[in-house]
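Examination of the molecular architecture
These are the residues of each chain, in order.
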Amino acid sequence: MIEVHNVQKSFDGNPVLKGITCTFETGKCNLLLGGSGTGKSVLLQCIVGLMQPDLGSITFDGTVYTNNKVQIRQEIRRKIGMLFQGSALFDSMTVAKNVEFPLQMLTPEMTRDERRDRVEFCLKRVGLENAGEKMPSEISGGMKKRVGIARAISANCTYLFCDEPNSGLDPLTSIKIDELIQEITQEYNITTVIITHDMNSVVQIGDHIIFLYKGLKLWDGTKDEILNAEVPELKEFIFSSSLVRAAKRIDDETHNGVTNL
Amino acid sequence: MVKSFGQFLLFIQSMITRKERFAVLWNRTIDECVTIGVNSIFIVAIVSAFIGAVTCVQIAYNLTNPLIPKSTIGYMVREMTILELAPTITSIVLAGKVGSSIAGGLGTMRITEQVSALEVMGINSASYLVLPRILAAILMFPLLVILAMALSIVGGYLAGSLTGSISAQDYIEGIRSDFIPYNIVFALIKSVVFAFLVSAISAFKGYFTEGGALEVGNASTTAVNNSIIAILVADFLLAAILL
Ligand SMILES: Nc1ncnc2c1ncn2[C@@H]1O[C@H](COP(=O)(O)OP(=O)(O)OP(=O)(O)O)[C@@H](O)[C@H]1O
Ligand SMILES: [Mg+2]
């Protein structure tokens, strides 16, 4: 479980995060939902330690991460897997080398054969068993995300962070990526945090949803609760999706007002 | 200016505190030696051979006084190339080739979040990405400069004998007279300093790129500009101090 307590961050006097408190639960897909520029990526970067929050603290399973000793931060970092918005694969390495990289760096005690088996396993897990020898420039965007996931999980991460895992993908591929992340989360009981503004993902994998608006947390709950949320900003956000509007209408008609998406 | 110099020093410091395992750094350094050193042999060879040739022909053209022995041409080619042209011109050429590739490579890694990916894994990206490049440059520049010295003397020999401006015998006599071994040491010291300047400045510019592809291009250009200026300033300072 990751606890975020009163995290604040501003850039040149411009507040971006205005005191965010939330928890991300283990074994669940925790979604960070919100419009463009609301500070989702900044919050994620604060959590994984790429940025220092101005104020507030972040705790990983009881261990304080912010401003702690370098060794302890290092320990926690080694348990973090992250899928970046643009996949961020190392483009000088093959797909297999990309997946092997965290193993090489973080678990030097592993033998070459063990690493090869692990890479094979991870690539198979994301459905790319035949792409190991390809270079990142030779594969499609959806495949890159899969490789990114494989790289994130190869060193057995306990915390998985995904920044917009399905941006720029077609609906079918993006559902598959969502399902993959959900399966991995449940299978290995890890704490997964996903940034998204895709309502499809929300209703599909949103075990725990946190809605950010202009640097504040306005709402949190599950996918079953979100359609009945009474926060105007969230309503506006959700029902800007015409698919959701249509689904809700059909649902309301058939269930006579009881939403059960 | 002062601020970026301070940042530069902090950057160098961050690179050497919290280093990666030796085996990792070593492998990376060998890889970089190939990109920085081996892949530059061709351009360095061409440039230095021609510089030797041109130096020889032009000195011959200027030395029309019959009282000065012809072998002086060979002597002057040797002195000029070893002391100044081989280390400095080679480093300037490498500033263009190696500097732009270091800055461009790191800049691209930065804007595509590859640097962040390393950091998230708990890897000191400055040490992992930059230290091997600087070490490789420091290992490779002197070797390339030695190659350049040899080839520019050969270039002068060929040009002299082909154009007939100096006989092979005179040339060889010239390059063998009054040889000061310290000059070679001095040239190699220069090349090590230039190697550090080129690789560290370019890495600094690339590593802190912000924005997109345009900024990566700009980072490469400024890296090369600043490296060349640094080389020339250091060249002057070293000559003033060490000679
Ligand atoms: N390094 C930075 N320096 C200055 N301002 C920044 C920096 N990073 C983010 N910001 C600002 O913080 C705000 C929030 O940015 P952020 O990237 O977190 O948005 P987001 O919620 O992830 O949006 P999107 O969905 O478009 O990715 C933006 O206004 C941005 O300009
Ligand atoms: Mg973002």
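Not measured: the values here are computed from a predicted model.

Some words on the overall build of chain A
Counting its regular elements, chain A contains 10 helices and 10 strands. In terms of overall dimensions, chain A is globule-like: its C-alpha atoms have a radius of gyration of 19 Å, near the 18 Å expected for 261 residues. Principal-axis analysis of the C-alpha atoms places the extent of chain A at approximately 60 × 40 × 30 Å. Residue burial in chain A is summarised as follows: out of 261 residues, 51% are buried. Contacts in chain A between residues far apart in sequence, at least 24 positions, make up 65% of those at least 6 positions apart.

What to know about the domain arrangement of chain A
How big an interface is tends to be reported as the loss of accessible area on association of its parts. All names here are of chain A. Each domain of chain A was delimited in the assignment, giving domain 1 (1–79 + 158–231) and domain 2 (89–157). Taken residue by residue, the interface counts 19 residues in domain 1 and 14 residues in domain 2. Of the roughly 1300 Å² buried at the junction of domain 1 and domain 2 (both faces included), carbon and sulfur atoms supply 64%. A salt bridge links E187 to R125; the shortest N-O distance between them is 2.8 Å.

So, the nonpolar core
Grouped together as the largest cluster of nonpolar side chains are 93 residues, with contacts concentrated most on F60 and F161 of chain A. Ranked by residues supplied to this core, first place goes to helix α6 (residues 125–163) of chain B with 15 residues. Three or more residues apiece are contributed to this core by two domains, here domain 1 (1–79 + 158–231) and domain 2 (89–157) of chain A. If we ignore the near neighbours within four places in the chain, the residues touching F60 of chain A are M1, I2, I47, Y65, I76, I80, Y159 and F161 of chain A. Formed by 47 residues, the second largest nonpolar core is a distinct cluster that contains L83, L123, I149 and I184 of chain A.

With respect to the packing of helix α4 (residues 71–111) of chain B against helix α8 (residues 181–207) of chain B
All names here are of chain B. The interhelical angle for the contact between α4 and α8, taken along N-to-C directions, is 20 degrees, at an axis separation of 8 Å. Classified by the angle between their axes, α4 and α8 sit roughly parallel to one another. Judged by the sense of rotation from one axis to the other, the crossing of α4 with α8 is right-handed.

Structural notes on the interface of chain B and chain A
Taken residue by residue, the interface counts 17 residues in chain B and 23 residues in chain A. Summed over both sides, the interface of chain B with chain A buries roughly 1600 Å², with 62% coming from carbon and sulfur. At the boundary of chain B with chain A, the tally comes to one salt bridge. For the salt bridge of E119 of chain B with R77 of chain A, the shortest nitrogen-to-oxygen distance reads 3.5 Å. Summed over the shared surface of chain B and chain A, the result is five residue pairs in polar contact (both at pLDDT 80 or more). Per-element accounting of the side of chain B that touches chain A gives the leading share, six residues, to helix α5 (residues 114–120) of chain B. Of the residues assigned to the side of chain B that touches chain A, the class counts are eight nonpolar, four polar and five charged.

Quick look at the side chain of R77 of chain A
Its place among the elements puts R77 of chain A in helix α2 (residues 70–77). A polar contact of 3.0 Å, which involves the side chain of R77 of chain A, links it to the side chain of Y65 of chain A. Setting aside its immediate chain neighbours within four residues, R77 of chain A contacts V48, G49, L50 and Y65 of chain A together with E119, V120, M121 and G122 of chain B.

Describing the site of ligand 1
Residues and elements named next belong to chain A. Near ligand 1 you find F11, V16, G35, S36, G37, T38, G39, K40, S41, V42, E164 and H197, and these make up its full shell. Take E164: an N or O atom from its side chain is 3.2 Å from an oxygen atom of ligand 1. Out of a free accessible area of 630 Å², ligand 1 has 59% covered by protein chains. When residues of the shell around ligand 1 are assigned to their parent elements, the largest contribution, three residues, is made by helix α1 (residues 40–48).

Observations concerning the sheet that holds strand β6 (residues 80–83) of chain A
All names here are of chain A. Read across the open sheet, the six strands follow the order β6-β7-β8-β3-β9-β10; overall the sheet is mixed. The two strands at the open ends of the sheet, each matched to only one other strand, are β6 and β10 (216–221). With strand direction ignored, the average angle separating the axes of adjacent strands in the sheet is 20 degrees. With four bridges joining them, strand β3 (residues 29–33) and strand β9 (residues 208–213) adopt parallel strand pairing. The residue bridging N30 from the neighbouring strand is H208, located in β9. Set on the sheet, helix α5 (residues 141–154) makes contact with β6 and β7 (159–163); between it and β6 the angle comes to about 175 degrees.

Looking at the pairing of strand β2 (residues 14–24) of chain A
Residues and elements named next belong to chain A. Summarising the sheet, strand β1 (residues 2–11) and β2 pair through eight bridges and their orientation is antiparallel. Residue pairing for β2: F11 is matched across the bridge by N14. From the end of β1 to the start of β2, which pair antiparallel, there are two residues, and D12 there has a positive phi angle of about 50 degrees.

A word on the layout of surface pockets
Put simply, the largest pocket is a space of about 1100 Å³. If you go around the largest pocket, you meet 38 residues; those closest to its centre are M93, K97 and Q104 of chain A together with D31 and Y128 of chain B. Mapped onto the lining of the largest pocket, the elements with two or more residues apiece are α3 (95–106) and α4 (112–125) of chain A together with α2 (22–36), α4, α5 and α6 of chain B. No other element matches the seven residues that α2 of chain B contributes to the lining of the largest pocket. Looking at the lining of the largest pocket residue by residue, the classes come out as 14 nonpolar, 11 polar and 13 charged.

A word on the UniProt feature "transmembrane region" (unreviewed entry) in chain B
Residue and element names in this part refer to chain B. When the UniProt feature table is mapped onto this chain, "transmembrane region" (unreviewed entry) is found at residues 36–61, 134–159, 180–204 and 224–242. For residues 134–159, helix accounts for 100% and strand for 0%, while the C-alpha atoms at its two ends are 36 Å apart. Segment residues 180–204 splits into 96% helix and 0% strand. End C-alpha atoms: 37 Å apart.

Considering the sheet that holds β1 of chain A
All names here are of chain A. Sheet architecture is open: four strands sit in the order β2-β1-β4-β5, paired in antiparallel fashion. Since the sheet does not close on itself, it has two edges, and those belong to β2 and β5 (63–64), each with one partner. Examined bridge by bridge, strand β4 (residues 55–60) and β5 share two bridges and lie antiparallel to one another. Bridged to T59 within β5 is V64. Relative to the sheet, α1 contacts β1, β2 and β4, its axis offset from that of β1 by approximately 120 degrees.

Cut-offs used in this document
- Residues numbered from 1 in each chain as written.
- Chains lettered and ligands numbered in written order.
- Predicted model: local features only at pLDDT ≥ 70, side-chain atom pairs only at ≥ 80, totals over all residues.
- Heavy atoms only, no water.
- Helix = DSSP H or I, 4+ residues; strand = E, 2+ residues; numbered from the N terminus.
- Rg over C-alpha atoms; globule rule 2.2 N^0.38 Å.
- Buried < 20%, exposed > 50% of the residue type's maximum accessible area, 1.4 Å probe, protein only.
- Contact = heavy atoms within 4.5 Å.
- Domains from an automatic or database assignment.
- Buried area = accessible area lost by both parts, 1.4 Å probe.
- Salt bridge = Lys/Arg side-chain N within 4 Å of Asp/Glu carboxyl O.
- Core = buried A, V, L, I, M, F, W, Y, C linked by side-chain atoms within 4.5 Å.
- Axes fitted to C-alpha atoms, helices over the stretch in contact; angles between N-to-C directions.
- Parallel < 35°, antiparallel > 145°, perpendicular 65-115°, else oblique.
- Left-handed = near helix turned anticlockwise from the far one by under 90°.
- Polar contact = N/O pair within 3.5 Å; in protein donor to acceptor, adjacent residues only side chain to side chain.
- Nonpolar A, V, L, I, M, F, W, Y, C, P; charged D, E, K, R; others polar.
- Near = heavy atom within 4 Å.
- Areas by Shrake-Rupley, 256 points an atom, 1.4 Å probe, with all protein chains shown as cover.
- Pairing = 2+ DSSP bridges.
- 1 Å grid on protein atoms, 1.4 Å probe; cavity = no way out; pocket = protein on both sides within 12 Å on 5 of 7 lines; lining within 4 Å.
- Points joined across faces, edges and corners; volume = space filled by probe spheres on them.
- UniProt positions renumbered as here; feature names shortened; annotations may be inferred.

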